[in-house]
Amino acid sequence: MSELQTLEYKREYNQKAQNTILAFLNTDGGTLYIGISDDGAVYGVNGNIDEEARSITNSFRDSVTPDPSGYFKVEPEMRDGKHIIVVTVDRGSAIPYCYAKYGLVPQGVYVRVGSNTVIATREHIRHMIKDNDTGQFITELSIEQDLTFEYADKVFIEKDIKFGKEQKQSLGLIRPDGRYTNLALILSDQCPYTTKAAIFEGVTKEKFKDRKEFAGSIFKQIEEVHSYLHVFNRTRSTIEDVYRVDSPDYPPVAIRESYINALIHRDYYIEGSVLVSMFDNRLEFMSLGGTMPGVTYDLMLTGVSVTRNEKLAQVFYRLNIIEAFGTGIPRIFVAYENSDVKPEIPVIDGGFLIRIPNINYGILPQMALKIISEFSRFNNEQQLLTVFQDVSFTKGDAARVLGISASGAYKLLQRMIDRGLLVAHKEGNKWVYGHISNQEANKQI
């Protein structure tokens, strides 16, 4: 008999034989005959056949994770008057299985390709995980299993929430087979997904003011990105009645909800960073993956949410990072309800963009113009009171002295009369203006 994808012969049990059992487990199952050469010649197994069978069972079970027990059996058999061992393997339910000492890396995972046992590539391992799972990245087996949770532990302690093995299992960080999911990877200190933030000068991406990349646990990125944006979120102060009113460029709740939304709804199957871009007039949050099927712009505004990464959203909810499912987008718009400018969610192919406007953009120049105008008016009034201190004058006289139009002079003179700086009377068909004493005028200004 020739070797097939589900059939293999080995003269003795060695590392290559063990690799073949692992490959059968990860592919379509198969049968391994030990004590038979590649050409089908029977050589048999030396020594105590029962002890050899137990040794093979223990060796394979103890070296592979998750536990493959129940998916293979090792039995002695007689063939041509000689003892051989038959290893029958079923396809496992927790694929990919790997050698515990290596983990889910190529040297730890074997598969069958035709009649050959080969090392699985990293891309093949990813496909095995995806094909054997639910299709939601967050619940799938993490390729990286050597994870630590120092930053996550700190966050859970601050919230007075337990974060032991039992809690990790209930939250979805640990699978029933004891291995970590991608949710654990994202929350761990080894999280490979980053956030790139950039501060631009003006309203285009031509010139950077500052930029920074944030890595590590997603909890760490949340804290550091918020702190970073806070530095550049300027505050404008005004006096209303007797109180000072502070108005930041961007409502903090809008920044927070926009960034959290980008983390929860991004497609983690796609490699790449969440992008945060601040311009003079707007702040943009771009995540990869686009909206979920059936979710329209109007539905988002009403709070309807189809979460791409539901387990991640549940963890955020447990920690009060989000208030409730689906409230993020409405809260962003509520933050701008008293503003003339509004957030935007433009349609982006393959991505999800939230654009929140700078509430104070353009206001400061307008205030400066108003100050200049007031200062100019004050100077014009002073000039008229000085030049025409002892004489009466007409609207035309005021226009010539100030270098302004007759209509402009007329408006200025009327304001001065209203404020008690000038008096007017008619001489013939012209209005003639005079002023109260210089001392009194200075008190009024």
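Just above, that's the structure.
Nothing here was measured: the structure is a model prediction, and the numbers come from that model.

Caption draft 1: Spotlight on the pairing of strand β1 (residues 7-10). In β1, alternate side chains face the same way, and those of Leu-7 and Tyr-9 on one face and Glu-8 and Lys-10 on the other are all buried. Following the chain from β1 across helix α1 (residues 15-26) to the adjacent parallel strand β2 (residues 30-34), one finds a crossover that is right-handed.

Caption draft 2: Main features of the sheet that holds β2. Across the sheet, four strands lie side by side as β1-β2-β5-β4; this open sheet has mixed pairing. Single-partner strands in this sheet number two, and they are β1 and β4 (72-79). The mean angle between the axes of side-by-side strands here comes to 20°, regardless of whether they run parallel or antiparallel. By the bridge criterion, eight bridges tie β4 to strand β5 (residues 82-89) in an arrangement that is antiparallel. Looking at the pairing, Glu-75 lines up with Val-86 of β5. In the packing of helix α2 (residues 49-63) onto the sheet, the strands contacted are β2, β4 and β5, and the crossing angle to β4 comes to about 155°.

Caption draft 3: Summary view of the packing of helix α7 (residues 218-232) against helix α8 (residues 252-265). Contact geometry for α7 and α8: axes closest at 11 Å, N-to-C directions at 145°. Classified by chirality, the crossing of α8 by α7 is right-handed. Touching Ile-218, Gln-221, Ile-222, Val-225, His-226 and Leu-229 of α7 are Ile-255, Arg-256, Tyr-259, Ile-260 and Leu-263, all from α8. Residues of the contact of α7 with α8, tallied by class, amount to eight nonpolar, two polar and one charged.

Caption draft 4: Focus on unusual backbone geometry. Omega for the bond connecting Thr-65 with Pro-66 falls within 30 degrees of zero, at -5°, which places this linkage in the cis form. The step from Ile-95 to Pro-96 runs through a cis peptide bond, and the omega angle for that step is 5°. Assignment of secondary structure puts Pro-96 in the loop between β5 and β6 (98-99). A positive phi angle is found at Asp-160, which is not glycine, with a value near 60°. If you trace the backbone, Asp-160 turns up in the loop between α4 (150-158) and α5 (165-171). Non-glycine residue Asn-320 carries a positive phi angle of around 60°. With respect to the helices and strands, Asn-320 occurs in the loop between α10 (310-318) and α11 (328-334).

Here is what the cut-offs are and how they apply
- The residue count restarts for each chain, going from 1 along the sequence in the order it is written.
- pLDDT decides what is reported in this predicted model: residues at 70 or higher carry local features, side-chain atom pairs at 80 or more are listed and counted, and totals for whole chains, interfaces and linings draw on all residues regardless.
- The side-chain figures draw on all heavy atoms in the structure; neither hydrogens nor water molecules are used.
- Each residue gets one of three labels from its accessible area relative to the maximum for its type: buried under 20%, exposed over 50%, partly exposed in between, using a 1.4 Å probe on protein chains only.
- Each helix is a run of H or I in the DSSP string that is no shorter than four residues. Each strand is a run of E no shorter than two, and both are numbered from the N terminus.
- Handedness of a crossover is defined as follows: with both strands directed away from the viewer, a clockwise route from the first strand across the helix to the second makes it right-handed.
- DSSP bridges decide pairing: two strands pair if at least two such bridges lie between them.
- All axes are obtained by fitting lines to C-alpha atoms, using only the stretch in contact for helices, and the reported angles, taken between N-to-C directions, cover 0 to 180 degrees.
- We call two residues in contact when some of their heavy atoms are within 4.5 Å.
- Should the near helix be turned counterclockwise from the far one by less than a right angle, the crossing is left-handed, whereas a clockwise turn marks it as right-handed.
- The residue classification treats Ala, Val, Leu, Ile, Met, Phe, Trp, Tyr, Cys and Pro as nonpolar and Asp, Glu, Lys and Arg as charged. All others, Gly included, are polar.

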